[in-house]
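Residue-level listing of the chains:
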Amino acid sequence: MILPTPTMETERLRLRPFTDADAEDLFALQSDVQVLRYWDSPPWDDRASIARFMVGCRKMAEEGSGARVAIERRSDQAFIGWCTLNSWNPAFRSASLGYCLNQAAWGNGYATEAAHALLRWAFGAFDLNRIQSEVDTRNAASARVLEKLGFRLEGTLREDCIVDGVVSDSWVYGLLRSEWAG
């Protein structure tokens, strides 16, 4: 099932499919050590990663397994990050939510605003019962984003990530359709 990547607008943001014009901003974001310090993979160090990321975006759309959208500010069309709904499992009626924003965008509520729009789309486009998200236990800001969206902390995955030799735990958050305030 092909699922076109959505374009959505919020009060301050535009969520849209990635384009080739996003390549340099995307590389800057994904190669930023501070941005990826709590990520489940190391920062990018080669430009071939851009093509792999873009192929992944198209593959999700073609398979109908989710969507990854670029986030830009409406006021100046600046690329500030991305948000994704992936790992859609139609049998379990579940999917996963993720997001990554550049440092200049932190603390402005953009992650919450973008994720809320993508959740609204996801609950409408898929027959979802549950959306899950995992966050490094050291990343309190990301945990707050999920809690503002109505996600509940469900548990801890102990030592589930090892990135560049650093072992970390992750919190698992879940949001059920019956809890979604929309």
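Use the structure listed above.
Rules and cut-offs
- Residues numbered from 1 in each chain as written.
- Predicted model: local features only at pLDDT ≥ 70, side-chain atom pairs only at ≥ 80, totals over all residues.
- Heavy atoms only, no water.
- Helix = DSSP H or I, 4+ residues; strand = E, 2+ residues; numbered from the N terminus.
- Rg over C-alpha atoms; globule rule 2.2 N^0.38 Å.
- Buried < 20%, exposed > 50% of the residue type's maximum accessible area, 1.4 Å probe, protein only.
- Contact = heavy atoms within 4.5 Å.
- Areas by Shrake-Rupley, 256 points an atom, 1.4 Å probe, with all protein chains shown as cover.
- Lys, Arg positive; Asp, Glu negative; His and termini not counted.
- Charge placed at Lys NZ, Arg CZ, Asp CG, Glu CD.
- Pairing = 2+ DSSP bridges.
- Axes fitted to C-alpha atoms, helices over the stretch in contact; angles between N-to-C directions.
- Phe/Tyr/Trp six-rings, centres within 6.5 Å; stacked < 30°, edge-to-face > 60°.
- Lys NZ or Arg CZ within 6 Å of the ring centre and 35° of its normal.

Let us now look at the overall build of the protein chain. Scanning the protein chain from N- to C-terminus turns up four helices and eight strands. Sequence-ordered secondary structure for the protein chain, helices as α and strands as β, is β-β-α-α-β-β-β-α-β-α-β-β. On C-alpha atoms alone, the protein chain measures out to a radius of gyration of 16 Å, which is about the 16 Å that the 2.2 N^0.38 rule sets for 182 residues. Its C-alpha atoms give the protein chain principal-axis dimensions of roughly 40 × 35 × 30 Å. Residues counted as buried form 46% of the 182 residues belonging to the protein chain. Restricting the contact set of the protein chain to residue pairs at least 6 apart, pairs at least 24 apart contribute 61%. Here the protein chain displays about 9,300 Å² of accessible surface, and carbon together with sulfur accounts for 49% of that area. Charge-centre separation for the protein chain: the mean point of 20 positive side chains lies 4 Å from the mean point of 25 negative side chains.

Now for the sheet that holds strand β8 (residues 166-176). What the eight strands build is an open sheet, ordered β1-β2-β3-β4-β5-β6-β8-β7; its pairing is mixed. Across the chains shown, the open sheet's two edge strands, defined by having one partner strand only, are β1 (8-9) and β7 (152-163). Alignment of strand β3 (residues 67-73) against strand β4 (residues 79-89), held across six bridges, turns out to be antiparallel. Within the sheet, the bridge partner assigned to V69 lies in β4 and is C83. Strand contacts of helix α2 (residues 48-63): β3 and β4, with the helix running at about 120 degrees to β3, the strand carrying the most contacts.

Turning our eyes to something else, we now look at unusual backbone geometry. A positive phi angle, near 55 degrees, is found at S87, a position not held by glycine. Mapped onto the elements of the fold, S87 is located in strand β4. Located in the positive-phi region is E159, a residue other than glycine, with phi close to 45 degrees. By the element assignment, E159 lies in strand β7.

Considering all chains together, one arrives at nine aromatic pairs under this definition. With centroids separated by 5.9 Å and ring planes inclined at 85 degrees, the aromatic side chains of W39 and W82 adopt a geometry described as edge-to-face. Taken together, the residues span a long stretch of sequence, with W39 in the loop between α1 (23-30) and α2 and W82 in strand β4 at a distance of 43 residues. W39 sits in the partly exposed class, given a relative accessible area of 25%. Within the aromatic cluster, the residues linked to one another by ring pairs are F18, F27, W39, W44, F53, F79 and W82. Lying over the aromatic face of F53, R68 brings its terminal NZ or CZ to 4.2 Å of the ring centre. A cation over a ring is seen here: R68 above W82, with NZ or CZ 5.5 Å from the ring centre.

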